[in-house]
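Overview (structure and organization)
What follows is each chain in one-letter form.
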Amino acid sequence: MLRRLGTIAFGVGAAASGLYFHDDLKIFAATMVEKASQVHSGLDKSILPSDGSQYSNDPHFPIKPWDHNWDFRDPLSLIDPTLYGKADEETRKQMLEKARPTATRNIFLIRHGQYQLDKKESSERRLTELGREQAALLGKRLSETNVKFDTVVMSTMPRAMETANIILEKLPNVQSKMDSLLEEGAPYPPEPVAYHWKPNKKKFYTEGARIEAAFRKYIHRASVYQKEDSNELIVCHANVIRYFICRALQFPAEGWLRMSLANSSITWIVVRPNGSVSIRTVGDAGHCHPHKITFT
């Protein structure tokens, strides 16, 4: 699917570099394996976890375990605990199997195109001519992928709605809806501090709660009733997308501002039935000529 979404220019360079440094990489890998073996042999075996994970309890490598029930959609969480407690072993297995999702969700987070920064009111901050061109190029790219998109959800802010509607001109048969939860805002106090941008604590408290609600609503594993993999477009804003990335990967929420996303870019999150999450692309703007890429 990634190939269908367009070739990423630096991929070619990375492949060439990989071939050029092939021997060096083999030596490096072998060295790392040897060092790992030496470290393991010198560890106190009592600190090693029973599941065999080498570094989970190693004080030299503090690791926060992955929360497998991060979206509260683990099968056991969806079963009536009273009925489960009374059931025999075979019935319990059947209950878990019925509550287990089977579909994968592909969630494409789209940042709106370039917009007018010189307007005070949010309602007046509409796309620039370049922003409309960026959105049209994105719509063209998405329409040529052979990917069947199921839905488009857009923020209710004008720049996001304009971007989504331009995309929908190229995807005329895709259902769409609006959601104010996806509006731009201050999701979480960033670290390090951004000296050029200092919302008051009230904004983080109120807008952060709204953006967190949007995350819980849209980023989770598929319902057990969803039988086929889905491809969903969400057109919103940079702060929202960056916060979603941190939350989905269980990274510290305060790190969201360390990323920068181009206008009309694609961030592709995959949520699998077992609750594992991966990101295929972050801020992919390969549909735009380099001179047309902006970060406003």
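Residues numbered from 1 in each chain as written. Predicted model: local features only at pLDDT ≥ 70, side-chain atom pairs only at ≥ 80, totals over all residues. Heavy atoms only, no water.

- As annotated in an unreviewed UniProt entry, the protein is Serine/threonine-protein phosphatase PGAM5, mitochondrial from Panagrolaimus davidi.
- Quoted verbatim from the Function (unreviewed entry) field of the UniProt record, the comment on the protein reads "Displays phosphatase activity for serine/threonine residues. Has apparently no phosphoglycerate mutase activity."
- Taken directly from UniProt, the Sequence similarities (unreviewed entry) text for the protein runs: "Belongs to the phosphoglycerate mutase family. BPG-dependent PGAM subfamily." (UniProt positions renumbered as here; feature names shortened; annotations may be inferred.)

1. Describing the overall build of the protein
- Along the protein, the regular secondary structure elements total eight helices and six strands.
- Going residue by residue from the N terminus, the α and β elements of the protein occur as α-α-α-α-β-α-β-α-β-α-β-α-β-β.
- Among the 296 residues that make up the protein, the fraction classed as buried is 40%.
- In the protein, the share of contacts with a sequence separation of at least 24, taken over all contacts with a separation of at least 6, comes to 71%.
- Surface exposure of the protein reaches about 17500 Å², of which carbon and sulfur atoms provide 55%. (Helix = DSSP H or I, 4+ residues; strand = E, 2+ residues; numbered from the N terminus. Buried < 20%, exposed > 50% of the residue type's maximum accessible area, 1.4 Å probe, protein only. Contact = heavy atoms within 4.5 Å. Areas by Shrake-Rupley, 256 points an atom, 1.4 Å probe, with all protein chains shown as cover.)

2. Some remarks on the UniProt feature "binding site: substrate" (unreviewed entry) in the protein
- Residues annotated by UniProt as "binding site: substrate" (unreviewed entry) correspond here to Arg-159.
- Among the structural elements, Arg-159 can be located in helix H6 (residues 158-170).
- A relative accessible area of 5% places Arg-159 in the buried class.
- With residues near it in sequence (within four places) discarded, Arg-159 still touches His-112, Tyr-115, Ser-122, Arg-125, Leu-127, Glu-184 and His-237.

3. Side note on the environment of Asp-284
- For Asp-284, the position within the fold is in strand E6 (residues 277-284).
- At 2.9 Å, the side chain of Asp-284 and the backbone nitrogen of Gly-286 are in polar contact. (Polar contact = N/O pair within 3.5 Å; in protein donor to acceptor, adjacent residues only side chain to side chain.)

4. Details of the pairing of strand E5 (residues 266-271)
- Extensive coverage of E5 is indicated by the burial of six of its six residues.
- Here E5 shows no split at all, with Ile-266, Trp-268 and Val-270 on one side and Thr-267, Ile-269 and Val-271 on the other all buried.
- Pairing of E5 with E6, which is carried by five bridges, proceeds in the antiparallel orientation. Counterpart to Val-270 in the pairing with E6 is Ser-278.
- Between E5 and E6, which pair antiparallel in sequence order, lie five residues; one of them, Gly-275, sits at a positive phi of approximately 90 degrees. (Pairing = 2+ DSSP bridges.)

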